[in-house]
Amino acid sequence: MPKNEDKGGKTMPIKWNALMVNEAMDMVEEYVNQAIEPLEQAKLVATEARKIPNLPGYIDQHLSRLIGEIERVTGGISPWNQQPHPGNVRAAISSVRESIPGGTVEAERQKVNSGKQLSLVS
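Residues numbered from 1 in each chain as written. Predicted model: local features only at pLDDT ≥ 70, side-chain atom pairs only at ≥ 80, totals over all residues. Heavy atoms only, no water.

1. Structural notes on unusual backbone geometry
For step 1, the next point in the chain: Backbone geometry at Asn54 places phi at a positive 60 degrees, although glycine is not the residue there.
For step 2, the next point in the chain: Within the secondary structure, Asn54 is located in the loop between α1 (18-49) and α2 (57-74). (Helix = DSSP H or I, 4+ residues; strand = E, 2+ residues; numbered from the N terminus.)

Structure representation (structure tokens):
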């Protein structure tokens, strides 16, 4: 069972619902996926804007930064090592999922399927 420390440094057990956290991440991921395509379209427009003839360098820098910020959120090819990266939002979702103790989601799913009530808070 996950544990948390209170202000006195004591370890206290926490009851929480891993299945609900996992389902919340499913919903977050669905919304993020809906947002990715418009952001990718915005990145394409910004990339094309960089090709405008006689574009001043300071405008190109801002456009480049905008493209980088979109890629930071959505993912893309890392400019440092040319490897694909998932983007900060997807990486954060993965971090939440990876923090759920292994097997907990499936165990809670089996409890729900067998008709047992889950304990949300104690």
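2. Concerning the pattern of salt bridges
For step 1, the next point in the chain: All chains considered together, the criterion is met by 8 salt bridges.
For step 2, the next point in the chain: Between Arg72 and Glu69 there is a salt bridge whose closest N-O contact spans 2.8 Å. You can see Arg72 and its partner Glu69 sitting in helix α2, 3 residues apart, about one turn around the helix.
For step 3, the next point in the chain: Residue Arg109 is joined to Glu106 by a salt bridge in which the shortest nitrogen-to-oxygen separation is 3.3 Å. Here Glu106 and Arg109 lie together in helix α4 (residues 104-113), a separation of 3 residues that amounts to about one turn.
For step 4, the next point in the chain: What you see here is one network of salt bridges that share partners, running through Asp26, Glu29 and Arg97. (Salt bridge = Lys/Arg side-chain N within 4 Å of Asp/Glu carboxyl O.)

3. Let's talk about the confidence of the model for the protein chain
For step 1, the next point in the chain: The share of residues in the protein chain with pLDDT of 70 or more is 80%, and the mean pLDDT across the chain is 83.
For step 2, the next point in the chain: Element-level mean pLDDT values for the protein chain span from 47 in strand β1 (residues 3-5) up to 94 in α1.
For step 3, the next point in the chain: Taken together, the stretch residues 1-5 has pLDDT below 50 and engages in 17 contacts with residues farther than four places along the chain or on a different chain. (pLDDT = per-residue confidence, 0-100. Contact = heavy atoms within 4.5 Å.)

4. Points about the packing of α1 against α2
Describing two packed helices takes the angle between their axes plus the distance from one axis to the other.
For step 1, the next point in the chain: Where α1 meets α2, the axes come as close as 9 Å, and the angle between the chain directions of the two elements is 160 degrees. As the angle between them shows, α1 and α2 are arranged roughly antiparallel. Crossing of α1 against α2: the hand is left-handed. For the pair formed by α1 and α2, the contact residues are Ile36, Leu39, Glu40, Ala42, Lys43, Ala46, Thr47 and Ala49 on the first element and Leu63, Leu66, Ile67, Ile70, Glu71, Val73 and Thr74 on the second.
For step 2, the next point in the chain: Its residues assigned to classes, the contact of α1 with α2 comprises 10 nonpolar, 2 polar and 3 charged. (Axes fitted to C-alpha atoms, helices over the stretch in contact; angles between N-to-C directions. Parallel < 35°, antiparallel > 145°, perpendicular 65-115°, else oblique. Left-handed = near helix turned anticlockwise from the far one by under 90°. Nonpolar A, V, L, I, M, F, W, Y, C, P; charged D, E, K, R; others polar.)

5. Side note on the environment of Ala24
For step 1, the next point in the chain: Structurally, Ala24 is set in helix α1.
For step 2, the next point in the chain: Here Ala24 falls in the partly exposed class, since its relative accessible area comes to 33%.
For step 3, the next point in the chain: Along the backbone, Ala24 and Ile93 are 69 residues apart, and their C-alpha atoms lie at a distance of 9.9 Å. (Buried < 20%, exposed > 50% of the residue type's maximum accessible area, 1.4 Å probe, protein only.)

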